[in-house]
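In case you want the letters, here they are:
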Amino acid sequence: MSAAPRAVAGLEPARPTLLRVEDLVVEFVTRDGVVHAVNGASFDLGPGETLGIVGESGSGKSVSAMSVTGLIPSPPARIVRGAAYLDGEDLLTASSRRLRELRGREIAVIFQDPMTALNPVFTIGSQMTEAIRVNDRAVSRRAARDRAADLLARVGIPRPRERLQQYPFELSGGMRQRVMIAMAIANRPRILIADEPTTALDVTVQAQILDLLALAQEELQAATILITHDLGVIAELADRVAVMYAGRVVETAAVGDLFDHPVHPYTEALLASRPAAVPDGEDMFQIPGVPPTPLGDLPPGCAFAPRCHRRDGRARCVTESPASWDVAPRHRAACHFWTEAPA
Amino acid sequence: MTELLVVDGLHKHFPAPRRGVGTVRAVDGISFAIDAGEALGLVGESGCGKSTVARTVMRLYQPTDGRIRFAGRDITRLSRREMRPLWRDMQMVYQDPYSSLDPRMTVTELVGEPLRIHRRHTPFDRRRRVVELLELVGLDPTFTHRYPHEFSGGQRQRIGIARALALDPRLLILDEPVSALDVSVQAQVLNLLRSVQKTLGLAFLFVSHDLAVVRHVSHRVAVMYLGRIVEMADVETVYSAPSHPYTRALLAAVPVQHPSERGRRPRALLDPGRRDADEPASGCRFRDRCPVSTAVCRDVDPPYRLVGPGHVAACHHPGTSEPAMTGATP
C-alpha cells in the first residue's frame, strides 16, 4: 500500500448534516444473555437525502435507526455508547417528553406492518385527526378532518371521506400502508424513517407504495432513512446506502457507486448473490455459512471473516477489527484489504 | 417425456369464513401437467390459491372437483390409507423451517423418520442412508444428534429437504421454500434445490410469490390469479414475452436491479382501489384491474388459447410485447 490511505474516525463530513449517528452501541439484556444488536454504527443524513440502510435480519439496521426516535424500549435495550445529533441536539440524552414532541413534529415513522401501528378500535378518521391536532390544538376537529381527507386523497386512496369512517381491518394491506404514509406526512416532518415499508406487501402493491414514497419525498423534501433487506428497494429509492452486518456499518457510498464498485466483500457478495445477477440456468453466487448470532461475546476481528471470499486465510481478519477507510470521495468501507476490491 | 403429474380442471372451494353462506373458490378450475424430471414454477400474489393447489395435489385437501393423476394413476378420490404408499413418491417441502420440524427429534430421527414409517431399511442401513442424505444436502454428518433449535434457518431448510428426499421421491412439491430465509442464505438453498433436481432427475412443483426465485429453478412457469392459471409457458417466454396483461403487470412491478434503471418501471400499474378478493361476477376476473379490457371481457370468461408453441394464456386480448404497459405509463 503506497498511497497511504487515511483511516477515518468521526471525521466531519464536508456537507450539511441534519442527523448524525456516531459510534452507536446498543445491547439488549435478555434471559439468555446480552444481545449485541448494534456494535459501533455511524452514519449521517443530509437534508432531503434518502439514506438506505440495508442488511439481513439481526444486522442491527432497525435498532440503529429507531434508537434516534426513542422508540426502542429501555430496558431491555441499553444504549452503551454513542451519540445521535439532530441539528446539534443530542437525541440519546433527550427527555422522553422532548422525544415525543420530536416524533410528532420533526420525525415520522412508517412501519413494516401498519396493522400493529394503527389502533384497531378507532376509525382511520379519528386516528388521523388526533395525529394532526396533537401538534396543533388550534386546528378545529372539522378542519383536521378536512385535512385528513385531503391527505388520504394525496396518497391515492379513492373515496377518502368514506375511508375516514372505516376501521383499519376494513382496509387491504396496501391501503393501510397508504394511511400510514398519509399520517407520516401530515405534519410535514423533516425526517421520515421507513422500516421495511413494503416487505409485507405483494409485488404489485409494493410497486405502488414505492412510487408513493418517491412522490411523498419529492413533495416534502424530507430526509429519509429507508430500512430494508431488499437491494431492489434500495435501487429504486436511495441516494446513499449504508450496508450493515453484525451491528456495524461495513460500507457507505452513493447508491450508484455501491452497485458499480462495491468495496466491502460482504456488499460485493450480497450484490452477486441476487438471483437476477446470474443468467437463467446458472448457479447463483452463494455466501457460505450464516450471519453471526448477536448473542454472547463478540469475537475479535471482522464479523464477516468466517464467510469472506477475500480473506484468504489471513490472520489479521480474525484478530483485529477493521477500521472504516475512506476508499473514495464519500465512500467508506471497513475492510483491512479494501484495496483488493475489484476495480 | 412422460407425464408424471396431470391436474385436470381442479377445484378446491372452502366454506366462506364469516358470511356463513357461499364458498371461497380458492382454486377454480386449474389444469397443468408436469413431466418426469421437469420443474414447474407456480407463481402469484398472496391469496391467488397457489398454496392450495400444492396441498390439494398432495391430497392434504380433498378436491372439490376435477382430477389428479400421478404416475398414471387417478388419485383424486383415494383415501389417506391408499395415499400413504404414494406419498413415498411425492414429498412436500414447507416454507417455514421453524414450525415444520418436530423440536424434540434429533436430525437422525427427523431425516430417518420417513424411512422408518415406510419400513424401507434395517436400522443399520437407515443410519447409513441418513448420513448419505445429510451429505447430499450439504450438512455436516457429525451433526446427527443435534436438535432443530441448534440450527440456523437455512440449515433447518436443508434438514427439511433431506427428509423429503429420504424415500427417493419422483415429485417434490415446494411451497415457498426460501421465503423465510435470509437473503445471503437463499442462494445456498436455491443452488442446492437446482442441483438435487438435476442430479436426481426430480420433478418439481415450485410454488412462490417471488418471480426472480421461480425463474431460477423452473423449466416452465404458470402464473395464477384468483384461483386460475392465467398464463403458462416455458420460463424464457414468460419472462421475456409475457402475453397476459396480469403477467406483464407482475413483471413490470418488480423493483429495478440497478439505480440507473430508475423510472423504467411504469408507475401506477393497477388500480389501487381494487382488492383482489373483489371477484367480478362475470367475465374475466382480471378485467377491473386490466389496462386493456373491453366489453367482451365483462361478459365472457376468457378461455385458454394457444398464443405460441407451448404457450397458453386466458385472455381475450393476448399481447406479445409492451403495448398494454406503455398505455399505463403517465
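No experiment lies behind these values; they were computed from the predicted model shown.

What counts as what
- Residues numbered from 1 in each chain as written.
- Chains lettered and ligands numbered in written order.
- Predicted model: local features only at pLDDT ≥ 70, side-chain atom pairs only at ≥ 80, totals over all residues.
- Domains from an automatic or database assignment.
- Contact = placed C-beta atoms within 7 Å.
- Helix = DSSP H or I, 4+ residues; strand = E, 2+ residues; numbered from the N terminus.
- Nonpolar A, V, L, I, M, F, W, Y, C, P; charged D, E, K, R; others polar.
- Expected span 1.5 Å × (residues − 1).
- Buried ≥ 20, exposed ≤ 12 C-beta atoms within 10 Å, placed from the backbone.
- Pairing = 2+ DSSP bridges.
- Axes fitted to C-alpha atoms, helices over the stretch in contact; angles between N-to-C directions.
- Parallel < 35°, antiparallel > 145°, perpendicular 65-115°, else oblique.

Trainee: Before we go on, may I ask you to explain the domain arrangement of chain A in this structure?
Mentor: Where interface size is quoted, it is often the accessible area lost as the parts come together. Residue and element names in this part refer to chain A. When cut into domains, chain A gives domain 1 (47–70 + 96–106 + 190–340) and domain 2 (118–188). Computed over C-alpha atoms only, the centres of domain 1 and domain 2 are separated by 31 Å. Taken together, the contact between domain 1 and domain 2 spans 13 residues of the former and 13 residues of the latter. Listing elements by their share of the side of domain 1 that touches domain 2, those giving two or more residues are helix 2 (96–105) and helix 8 (203–220). Considering every element that reaches the side of domain 1 that touches domain 2, the biggest residue donor is helix 8, with seven residues. A per-class count over the side of domain 1 that touches domain 2 returns ten nonpolar, two polar and one charged.

Trainee: Sorry, what's going on with the interface of chain A and chain B here?
Mentor: Opposite the 34 residues of chain A that make contact, chain B presents 37 residues. Listing elements by their share of the side of chain A that touches chain B, those giving two or more residues are helix 8, helix 9 (231–237) and helix 10 (255–260) of chain A. Of the residues forming the side of chain A that touches chain B, the biggest block, seven residues, is contributed by helix 8 of chain A. Considered class by class, the residues forming the side of chain A that touches chain B number 16 nonpolar, twelve polar and six charged.

Trainee: How should I be thinking about helix 5 (residues 153–165) of chain B in this particular structure?
Mentor: Within an α-helix, residues lying three or four positions from one another point in the same direction, as the helix has 3.6 residues per turn. Residues and elements named next belong to chain B. With 13 residues, helix 5 extends 18 Å between its outermost C-alpha atoms, agreeing within 8% with the 18 Å of an ideal straight helix rising 1.5 Å per residue. With twelve of its 13 residues buried, helix 5 lies for the most part within the structure. All of the buried residues in helix 5 are Gly154, Gln155, Arg156, Gln157, Arg158, Ile159, Gly160, Ile161, Ala162, Arg163, Ala164 and Leu165. Packing partners of the buried residues in helix 5 comprise strand 6 (90–93), helix 3 (107–117), helix 4 (123–136), strand 7 (171–175) and helix 6 (183–200).

Trainee: Just to check I follow, could you spell out the pairing of strand 4 (residues 77–86) of chain A for this structure?
Mentor: The side chains of a regular strand alternate between both faces of the sheet. Residue and element names in this part refer to chain A. Where strand 1 (residues 19–30) and strand 4 come together, eight bridges link them in antiparallel fashion. Within the sheet, the bridge partner assigned to Glu22 lies in strand 4 and is Ala83. When strand 4 meets strand 5 (residues 89–90), the two strands line up antiparallel, connected through two bridges. What sits directly across from Leu86, in strand 5, is Glu89. Linkage of strand 4 to strand 5, two consecutive antiparallel strands, is achieved through a turn of two residues, within which Asp87 is found at a positive phi near 50°.

Trainee: Can you walk me through the sheet that holds strand 10 (residues 228–234) of chain B in this structure?
Mentor: Sheets are built from strands paired through backbone hydrogen bonds, the pairs being either parallel or antiparallel. Residue and element names in this part refer to chain B. Ordered by their spatial adjacency, eight strands build an open sheet running 6-7-8-3-9-10-12-11, and the pairing between neighbours is mixed. Looking at which strands have only one partner, the edges of the open sheet turn out to be strand 6 and strand 11 (305–308). For this sheet the average axis-to-axis angle between neighbouring strands, irrespective of direction, equals 20°. Where strand 3 (residues 39–43) and strand 8 (residues 203–208) come together, five bridges link them in parallel fashion. From the neighbouring strand, Leu42 faces strand 8, where its bridge partner is Val207. Packed on one face of the sheet, helix 1 (residues 50–57) meets strand 3, strand 7, strand 8 and strand 9 (220–225) and runs near 150° to strand 8.

Trainee: It is not clear to me how the sheet that holds strand 4 (residues 65–70) of chain B should be interpreted in this structure. Could you clarify?
Mentor: Residues and elements named next belong to chain B. In spatial order, the strands read 2-1-4-5; together these four strands make up an open sheet with antiparallel pairing. Looking at the sheet topology across the chains shown, the edges are occupied by strand 2 (23–35) and strand 5 (73–74). Inspection of the sheet shows strand 4 paired to strand 5 by two bridges, in the antiparallel sense. Bridged to Arg69 within strand 5 is Asp74.

Trainee: It is not clear to me how the packing of helix 7 (residues 173–185) of chain A against helix 8 of chain A should be interpreted in this structure. Could you clarify?
Mentor: Helix packing geometry: the angle between the two helix axes and the distance between the axes. Residue and element names in this part refer to chain A. In contact at an axis separation of 10 Å, helix 7 and helix 8 are set at 10° when each is read in the N-to-C sense. With respect to each other, helix 7 and helix 8 are oriented roughly parallel. Residues Gly173, Gly174, Gln177, Arg178, Ile181 and Ile185 of helix 7 pack against Val205, Gln208, Ile209, Leu212, Leu213, Ala216 and Leu220 of helix 8. Class assignment for the residues of the contact of helix 7 with helix 8 results in eight nonpolar, four polar and one charged.

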